Amino acid sequence: MFLLSKLFWVFAQPLSIGFLFSALAALLAFAGRRRLGGLSALLAALVLFITLFTTAGTMALQALEARFPKPSQAPQPLSCVIVLGGALENEVTTARGGIELNQAADRFVEALRLAISHPEARILVSGGDGSISGTYEGEAAAAERLFSAFGISPDRLIKENDSRTTYENTLNTAEVLKNQGLENCLLTTSAYHMPRSVALFRKAGIAVTPWPVDYRTSGVVGLSLDFTQPSLNAQLATTAAREWMSLAAYYLTGRIDGIFPK
């Protein structure tokens, strides 16, 4: 299932769909099926136009980010902060060592802030090597260097280094929480990723307080044309498409109880 989901996403993201429609149009035209080829070319242009030159992707991502607002304050006392992986460049850290953060760096930045402001809390980092090859350093292992560099004692860290997907994050974290006797934890991940994460933790019977970070949108964008930043529009549309597809797939396979959890 893991490998299948990785391969599916190679072809399911918006720019790949646009390319596939373009390639199909060329093949149909070469085969003399000009009408079908023209239709395929039109669909390719439509997908690319919506992806590159509208705010449709931003709005789709914005809806995900707005689902779980951040509470005004963390519960007191705070026993545990769960941080879902996805913020480290595993390939780079494996080759070069050190700490290389990506666009989701706020997950660890906020976890560090919470660790400093709540010295009683344990920090559970869940995330292994999510690559197809499986040859890179797990994210939880690399995170220890980051927390130690800011004076967080290794004794406070709980490393779950086997998860490759959000679903595995939940299963493995549930086992760790049970073994450690930890309850009512904060769940820290990107805001767009929070609906799927919360749905999975609820399905597993784990009570968590959503603590979203890493917002990618302003929250006030309406549907419009946008010719100023096609690369960013494509990036936001790709992120939104992946998350909505994942929610649908998890619901259809029974891993969560609703496509868009309350």
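How each quantity is defined
- Residues numbered from 1 in each chain as written.
- Predicted model: local features only at pLDDT ≥ 70, side-chain atom pairs only at ≥ 80, totals over all residues.
- Heavy atoms only, no water.
- Helix = DSSP H or I, 4+ residues; strand = E, 2+ residues; numbered from the N terminus.
- Rg over C-alpha atoms; globule rule 2.2 N^0.38 Å.
- Buried < 20%, exposed > 50% of the residue type's maximum accessible area, 1.4 Å probe, protein only.
- Contact = heavy atoms within 4.5 Å.
- Areas by Shrake-Rupley, 256 points an atom, 1.4 Å probe, with all protein chains shown as cover.
- Lys, Arg positive; Asp, Glu negative; His and termini not counted.
- Charge placed at Lys NZ, Arg CZ, Asp CG, Glu CD.
- Core = buried A, V, L, I, M, F, W, Y, C linked by side-chain atoms within 4.5 Å.
- Salt bridge = Lys/Arg side-chain N within 4 Å of Asp/Glu carboxyl O.
- Pairing = 2+ DSSP bridges.
- Expected span 1.5 Å × (residues − 1).

Scanning the protein for helices and strands turns up 10 helices and 5 strands. Whereas a compact globule of 262 residues would reach a radius of gyration of roughly 18 Å, the protein reaches 20 Å, a difference of no more than 12%. Its C-alpha atoms put the protein at 70 × 40 × 35 Å along the principal axes. The burial tally for the protein puts 44% of its 262 residues in the buried class. Sequence-distant contacts in the protein: of pairs separated by 6 or more residues, those separated by 24 or more amount to 73%. Surface summary for the protein: the accessible area is close to 13200 Å², and the carbon and sulfur share equals 60%. The averaged location of the 21 negative side-chain charges in the protein is 9 Å from the averaged location of its 22 positive side-chain charges.

Ranked by size, the top nonpolar core spans 25 residues in total, and within it Val-81, Phe-108, Ile-123, Val-125, Phe-147 and Leu-186 carry the most contacts. Look past the residues within four positions of Val-125 in its chain and what remains in contact with it is Val-83, Phe-108, Ala-140, Ala-143, Phe-147, Ile-158, Lys-159 and Glu-160. Counting residues in hydrophobic clusters, the runner-up holds 16 residues, among them Cys-80, Ile-82, Leu-187 and Phe-201.

Attention now goes to the pattern of salt bridges. All chains considered together, the criterion is met by 7 salt bridges. For Arg-145, the salt bridge identified is with Glu-137, shortest N-O distance 2.9 Å. Assessed through its relative accessible area of 32%, Arg-145 is described here as partly exposed. When its relative accessible area of 22% is taken as the criterion, Glu-137 is described as partly exposed.

Here we take up the pairing of strand β1 (residues 80-84). Here β1 lies mainly inside the structure; 5 of its 5 residues are buried. The alternating pattern of β1 places Cys-80, Ile-82 and Leu-84 and Val-81 and Val-83 on opposite faces, both of which are buried. Where β1 and strand β2 (residues 122-126) come together, 5 bridges link them in parallel fashion. Of the residues in β2, the one forming a bridge with Ile-82 is Leu-124. As paired strands, β1 and strand β4 (residues 185-190) are joined by 3 bridges and run parallel to one another. Its bridge partner being in β4, Ile-82 is matched across the sheet by Leu-187.

Two residues of an α-helix separated by three or four positions point the same way, owing to the 3.6 residues in each turn. Over its 15 residues, helix α8 (residues 166-180) runs 21 Å from end to end, which matches the ideal 21 Å to within 8%, given 1.5 Å per residue. Of the positions making up α8, those classed as buried are Thr-166, Glu-168, Asn-169, Thr-170, Thr-173, Val-176 and Leu-177. On its buried side, α8 packs onto β1, β2, β3 (157-160), β4, α9 (194-203) and α10 (230-252). Just beyond α8, the residue with positive phi is Gly-181, at close to 70 degrees.

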